[in-house]
Amino acid sequence: IGIILGLKSIGVDFTTLTVLAGVLGIGIGFGLQNISNNLISGIILLIERTVKPGDFVEVGDTAGTVQQVSLRSTVVRTLDNIMVIVPNSNFVSNNVINWSHSEKITRGQIAVSVAYGSDTDLVRDCLIETANAVERVLENPPPKVFFKEFGNSSLNFELLFWYDEPRTMRAIKSELHFKVEKALKK
């Protein structure tokens, strides 16, 4: 207060300083908005525990295992073993798929098309037998086959199966594709 009164008595005009301080305050406010958003989102994540270490998540284009949740960001290890630092606001304001939030059992599906004239009962039995032959496909709930539609040039089926490790989804689907192709040839 003494310095301000001293400067005012000398004749320093505070109007310019007030405008400059206002502009500086607005700039700092906008700069801290993103940081405070991430901090508050981090507090929400830590309290609600909707995302926790060990969960397999998809947020935006990033899919992987949560390694650490901190106040400002969350570290996700992708399937390619790359650590991605995701701002916590992405977990609070965007849609997040948490494959292992309540339990790890997940349903997968693959589409299979066969030629018109194929024995549909044989196709169904072949697909179920093939799914049961894949070690990582769960027996309970059992695999199911649905006749989806009559396509333009094929009969279209959908094989539904269950597995308990979301990280292996791509490997299981690939193994099923290989085995289904061999079984259908046979």
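Look up a bit, the structure's there.
How each quantity is defined
Residues numbered from 1 in each chain as written. Predicted model: local features only at pLDDT ≥ 70, side-chain atom pairs only at ≥ 80, totals over all residues. Heavy atoms only, no water. Helix = DSSP H or I, 4+ residues; strand = E, 2+ residues; numbered from the N terminus. Buried < 20%, exposed > 50% of the residue type's maximum accessible area, 1.4 Å probe, protein only. Contact = heavy atoms within 4.5 Å. Pairing = 2+ DSSP bridges. Phe/Tyr/Trp six-rings, centres within 6.5 Å; stacked < 30°, edge-to-face > 60°. Polar contact = N/O pair within 3.5 Å; in protein donor to acceptor, adjacent residues only side chain to side chain. Axes fitted to C-alpha atoms, helices over the stretch in contact; angles between N-to-C directions. Parallel < 35°, antiparallel > 145°, perpendicular 65-115°, else oblique. Left-handed = near helix turned anticlockwise from the far one by under 90°. Nonpolar A, V, L, I, M, F, W, Y, C, P; charged D, E, K, R; others polar.

Student: Break down the environment of threonine 50 for me, with residues and values.
Tutor: Within the element layout of this structure, threonine 50 appears in the loop between α2 (14-48) and β1 (56-59). Take threonine 50: its relative accessible area is 31%, and that puts it in the partly exposed class. Sequence separation of threonine 50 and arginine 167 is 117 residues, and the distance between their C-alpha atoms is 19 Å. Those residues in contact with threonine 50 that lie beyond four places of it in its chain are Leu45, Asp55, Asn98 and His101.

Student: Tell me about the pairing of strand β2 (residues 62-69), and name the residues and values.
Tutor: Pairing of β1 with β2, which is carried by 4 bridges, proceeds in the antiparallel orientation. In the strand pairing of β2, valine 57 is matched with glycine 64. Remark: 2 residues form the turn of the hairpin made by β1 and β2, two consecutive strands paired antiparallel; glycine 60 in that turn has positive phi of roughly 65°. By the bridge criterion, 5 bridges tie β2 to strand β3 (residues 73-78) in an arrangement that is antiparallel. Following the sheet pairing, glutamine 68 is matched in β3 by valine 75. Here β2 folds back onto β3 in antiparallel fashion, the turn holding 3 residues.

Student: Give me the lowdown on the packing of aromatic side chains, citing residues and values where you can.
Tutor: Overall, the coordinates contain 4 aromatic pairs when judged by the stated rule. Taking 6.4 Å as the distance between ring centres and 10° as the angle between the ring planes, the aromatic pair formed by tyrosine 116 and phenylalanine 150 counts as stacked. Here tyrosine 116 is found in the loop between β6 (106-114) and α4 (120-133), whereas its partner phenylalanine 150 is found in strand β7 (residues 144-150), with 34 residues between them in sequence. Classification of phenylalanine 150 by relative accessible area gives exposed; the value is 63%. Look at phenylalanine 161 and tyrosine 163: their rings are 5.9 Å apart centre to centre, the planes differ by 35°, and that puts the pair in the tilted class. With a relative accessible area of 0%, phenylalanine 161 lands in the buried category.

Student: Tell me about the side chain of asparagine 98, and name the residues and values.
Tutor: Tracing the chain through its elements places asparagine 98 in strand β5 (residues 96-98). Judged by relative accessible area, asparagine 98 falls into the buried class, the value being 18%. In terms of polar contacts, asparagine 98 uses its side chain to reach the backbone carbonyl oxygen of threonine 50, at 3.0 Å. Within the structure, asparagine 98 has its side chain in polar contact with the side chain of aspartate 55 (distance 2.9 Å). Excluding anything up to four places from it in sequence, asparagine 98 contacts Thr50, Val51, Asp55, Phe56 and Val57.

Student: An account of the packing of α4 against helix α5 (residues 169-185) is requested, with residue identities and associated values reported.
Tutor: How two helices pack is summed up by the angle between their axes together with the distance between the axes. In contact at an axis separation of 10 Å, α4 and α5 are set at 140° when each is read in the N-to-C sense. Between α4 and α5, the angle is such that the two are oblique. Considering how the two elements wind past one another, α4 and α5 form a crossing that is right-handed. Residues Cys126, Leu127, Thr130, Ala131 and Ala133 of α4 touch α5, and the partners they reach there are Leu176, Lys179, Val180, Ala183 and Leu184. Of the residues assigned to the contact of α4 with α5, the class counts are 8 nonpolar, 1 polar and 1 charged.

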